[in-house]
Amino acid sequence: MKKLLSVLMMVCAIFTNAKAEETNDKVLVAYFSATGNTKVVAEKLATAINADLFEIVPEQPYTSEDLNWQNDKSRSSVEMGDKSSRPKIASKINDISQYNIVFVGSPIWWGREPSIMDTFIESYDFADKTVIPFVTSGSSDIGDYGKNLQALAPDAKVLTGKRFSSSVTA
């Protein structure tokens, strides 16, 4: 846990230059976590920088069968094979306009962000916000995650972001 916290503090320092309470910036950490790995990072990050936390929960939760990447007919395989797929989200952020900086986290699926992250980004106006991606993965790097988010939120400033191992633990 100490190592994870030090990495998160380094990420915070790089991206925000200060904790949220030391600036005028209101910070949100929004995340989707299919198996709990991204949740660990998101919670530690939000605590470390005194940010609000929002979990992106699918309206239809993913089962283990849905997440079977070896099955071409699994829900996640079908969604990721269709770039226009937009899984519905169960709840919304009441007022995203209050945030200047938004950390956006998820696992990496098929070398990119899960389709539900596209739903999330397209659901809000990120104009003039700084968006900082973070991902968890067993082997994939962050890839085009930031570039993909930038295409979905062209008026935001999307930074490169950071990858964390899927073996990250509390």
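Heads up: the structure comes first, above all this text.
Residues numbered from 1 in each chain as written. Predicted model: local features only at pLDDT ≥ 70, side-chain atom pairs only at ≥ 80, totals over all residues. Heavy atoms only, no water.

Novice: Please explain the side chain of K129 as it appears in this structure.
Specialist: Mapping K129 onto the fold places it in the loop between α4 (115-122) and β4 (130-137). One buried charged side chain, K129, makes no salt bridge at all; its nearest oppositely charged neighbour is D125, positioned 7.2 Å away. (Helix = DSSP H or I, 4+ residues; strand = E, 2+ residues; numbered from the N terminus. Buried < 20%, exposed > 50% of the residue type's maximum accessible area, 1.4 Å probe, protein only. Lys, Arg positive; Asp, Glu negative; His and termini not counted. Salt bridge = Lys/Arg side-chain N within 4 Å of Asp/Glu carboxyl O.)

Novice: I would appreciate a short explanation of the environment of L67 in the present structure.
Specialist: Position of L67 among the secondary structure elements: in the loop between β2 (52-55) and α3 (75-81). For the pair L67 and W109, spaced 42 residues apart in sequence, the C-alpha separation works out to 9.7 Å.

Novice: Looking at this model, I keep getting lost on helix α5 (residues 145-152). Mind explaining?
Specialist: Because the α-helix completes a turn every 3.6 residues, residues three or four places apart line up on one side. Three or more residues of α5 are buried, namely Y145, G146 and L149. Here the buried residues of α5 occupy an arc of 95° about the axis, which is enough to place them on one side. Relative to its buried face, α5 has exposed residues pointing more than 90 degrees away, namely K147 and A151. The inward-facing, buried residues of α5 contact β3 (101-107), α4, β4 and β5 (157-158). (Arc of directions from axis to C-beta. Contact = heavy atoms within 4.5 Å.)

Novice: For this particular structure, what's the right way to read the packing of aromatic side chains?
Specialist: For any pair of aromatic rings, the description consists of the separation of the ring centres together with the inter-plane angle of the planes. Across all of its chains, the model carries seven aromatic pairs by this definition. Seen from their ring centres, F32 and W109 are 5.7 Å apart, and the 85° between their planes marks the pair as edge-to-face. Taken as a pair, F32 in the loop between β1 (27-31) and α2 (37-49) and W109 in the loop between β3 and α4 lie far apart in primary sequence, 77 residues in all. Taking relative accessible area as the criterion, W109 reaches 10% and is therefore assigned buried. Taken together through their ring pairs, the aromatic side chains of F54, F120, Y124 and F126 make up a single cluster. It is K92 that lies over the ring of Y124; its NZ or CZ is 6.0 Å from the centre. (Phe/Tyr/Trp six-rings, centres within 6.5 Å; stacked < 30°, edge-to-face > 60°. Lys NZ or Arg CZ within 6 Å of the ring centre and 35° of its normal.)

Novice: Explanation requested: the nonpolar core in the structure shown.
Specialist: The nonpolar side chains of soluble globular proteins are, as a tendency, buried together. Counting residues in hydrophobic clusters, the biggest one holds 29 residues, and the most contacted among them are I56, I93, V104, F120, F126 and Y145. When contributions to this core are tallied by element, the ones reaching two or more residues are β1, β3, α4, β4 and α5. Per-element accounting of this core gives the leading share, four residues, to α4. Counting 14 residues, the second largest nonpolar core, distinct from the first, contains V27, A46, I101 and I132. (Core = buried A, V, L, I, M, F, W, Y, C linked by side-chain atoms within 4.5 Å.)

Novice: I tried to follow the pairing of β4 on my own but got confused; where do I start?
Specialist: Along a regular strand, successive side chains alternate from one face of the sheet to the other. Burial analysis of β4 places eight of its eight residues in the buried class, the great majority of the element. Judged by which residues are buried, β4 turns out to be covered on both faces: T130, I132, F134 and T136 on one side and V131, P133, V135 and S137 on the other are all buried. Here seven bridges tie β3 to β4, and the two strands are oriented parallel to one another. Directly across from P107, in β4, lies its bridge partner T136. (Pairing = 2+ DSSP bridges.)

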